[in-house]
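# Remarks on the overall topology
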Amino acid sequence: MPTDTPADDLVWTDAFLVGFEPMDETHREFVDITSALLKADDADLLKHLKALIQHSERHFSQEEHYMNTTAFPARDCHTKEHNAVLGSMREVADYLETGGNPAEARRLAVELSRWFPGHTDYLDASLAQWVAKKQLGAVPIVVRRGVANHQAD
């Protein structure tokens, strides 16, 4: 999924806000850990990838809890995407542990930095609105500082 995110870094921006603080906090952590993976030297790649896997297991479990307890309509699609991403992370970690080429971990990190903005924009933002409406009776208002409003011509 093409984005404006540079391949060599992933930096937190208000464009990633979904307006549901527990999810926004978890997303900030994902961005920080993925950024560390993108910048890691070869010797530290596996350590950072394992940290990202541990974070993602908690992160995705948290979102799946929200989906299951609120009967989120797009639950199956969202969960399948989580499972595919986590599966890719685990495969690359296993590959590195057996002496695989570090370039594969770098390629995964780049793909994650491209995947995250779209996933957050569509699936997570929808989930955040759904959960907020179920829990609070209203959808969140998201204020994004310094983010340009793009309109179709």
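Please refer to the structure higher up on the page.
A quick note: this is a predicted structure, and the numbers were derived from the prediction, not measured.

Attention shifts here to the environment of His-119. Following the sequence through the fold, His-119 ends up in helix H4 (residues 102–136). A residue is classified by how much of its surface remains accessible, and His-119, at 3% relative accessible area, is buried. Taking the C-alpha atoms as reference points, His-119 and His-78, 41 residues apart in sequence, are found 8.9 Å from one another. Ignoring anything within four residues of it in the chain, the contact list for His-119 reads Glu-63, His-78, Glu-81, His-82 and Asp-124. A distance of 2.6 Å separates polar atoms of two side chains, one belonging to His-119 and the other to Glu-81.

So, about the packing of aromatic side chains. In total, this model carries seven aromatic pairs according to the counting rule given. The interplanar angle of 65° and the centroid separation of 5.6 Å between the aromatic rings of Trp-12 and Phe-16 together place this pair among those described as edge-to-face. Ring geometry for Phe-30 against Phe-116: centres 5.0 Å apart, planes inclined by 20°, an arrangement best described as stacked. Here Phe-30, found in helix H1 (residues 21–39), pairs with Phe-116, found in helix H4; they are 86 residues apart in sequence, far enough to count as distant. According to the relative accessible area criterion, Phe-30 is buried, its value standing at 0%. Of the aromatic side chains, those joined through ring pairs into one cluster are Trp-12, Phe-16, Phe-30, Phe-60, Trp-115 and Phe-116.

Quick look at the nonpolar core now. If you look at the biggest cluster of nonpolar residues, it comprises 25 residues, and the most contacted ones within it are Leu-49, Met-89, Leu-112, Trp-115 and Phe-116. Looking at this core, the elements that each hand over two or more residues are H1, helix H2 (45–70), helix H3 (75–97) and H4. Dropping the residues within four chain positions of it, Phe-116 is found in contact with Leu-10, Phe-16, His-27, Phe-30 and Val-31. Of all hydrophobic cores here, the second largest spans ten residues; its members include Phe-20, Met-23, Tyr-66 and Met-67.

Quick look at the environment of Trp-115 now. By secondary structure assignment, the location of Trp-115 is in helix H4. Judged by its relative accessible area of 14%, Trp-115 is buried. Sequence-wise, Trp-115 and Val-85 are 30 residues apart; in three dimensions their C-alpha atoms are separated by 9.3 Å. Contact partners of Trp-115, with chain neighbours within four places excluded, come to Phe-30, Phe-60, Glu-81 and Val-85. A distance of 2.7 Å separates a polar atom in the side chain of Trp-115 from a polar atom in the side chain of Glu-81.

A few words on the packing of H3 against H4. Orientation of H3 relative to H4, taken along the N-to-C sense of each, is 165°, at an axis distance of 11 Å. When the interaxial angle is binned, H3 and H4 end up roughly antiparallel. Considering only the axes of H3 and H4, their crossing is left-handed. Note on element contacts: H4 touches H3 through Pro-102, Glu-104, Ala-105, Leu-108, Leu-112, Trp-115, His-119, Leu-123, Asp-124 and Leu-127, opposite His-78, Glu-81, His-82, Val-85, Ser-88, Met-89, Val-92, Tyr-95 and Leu-96. Here the contact of H3 with H4 is composed, by residue class, of twelve nonpolar, four polar and three charged.

Another point: the side chain of His-55. On the secondary structure map, His-55 appears in helix H2. Look past the residues within four positions of His-55 in its chain and what remains in contact with it is Thr-26, Glu-29, Phe-30 and Ile-33.

On to the pattern of salt bridges, then. Throughout the structure, instances matching the rule amount to seven salt bridges. Glu-21 is the salt-bridge partner of Arg-28, the closest N and O atoms lying 3.6 Å from each other. For Arg-28, a relative accessible area of 29% gives the class partly exposed. Where Arg-90 meets Glu-57, a salt bridge forms, and the shortest distance between an N and an O atom there is 2.8 Å. Of this pair, Arg-90 sits in helix H3 while Glu-57 sits in helix H2, and the two are 33 residues apart along the sequence. Taking the relative accessible area as the measure of exposure, Arg-90 reaches 37% and is therefore partly exposed. Its relative accessible area of 34% is what places Glu-57 among the partly exposed residues.

Rules behind the numbers
- Residues numbered from 1 in each chain as written.
- Predicted model: local features only at pLDDT ≥ 70, side-chain atom pairs only at ≥ 80, totals over all residues.
- Heavy atoms only, no water.
- Helix = DSSP H or I, 4+ residues; strand = E, 2+ residues; numbered from the N terminus.
- Buried < 20%, exposed > 50% of the residue type's maximum accessible area, 1.4 Å probe, protein only.
- Contact = heavy atoms within 4.5 Å.
- Polar contact = N/O pair within 3.5 Å; in protein donor to acceptor, adjacent residues only side chain to side chain.
- Phe/Tyr/Trp six-rings, centres within 6.5 Å; stacked < 30°, edge-to-face > 60°.
- Core = buried A, V, L, I, M, F, W, Y, C linked by side-chain atoms within 4.5 Å.
- Axes fitted to C-alpha atoms, helices over the stretch in contact; angles between N-to-C directions.
- Parallel < 35°, antiparallel > 145°, perpendicular 65-115°, else oblique.
- Left-handed = near helix turned anticlockwise from the far one by under 90°.
- Nonpolar A, V, L, I, M, F, W, Y, C, P; charged D, E, K, R; others polar.
- Salt bridge = Lys/Arg side-chain N within 4 Å of Asp/Glu carboxyl O.

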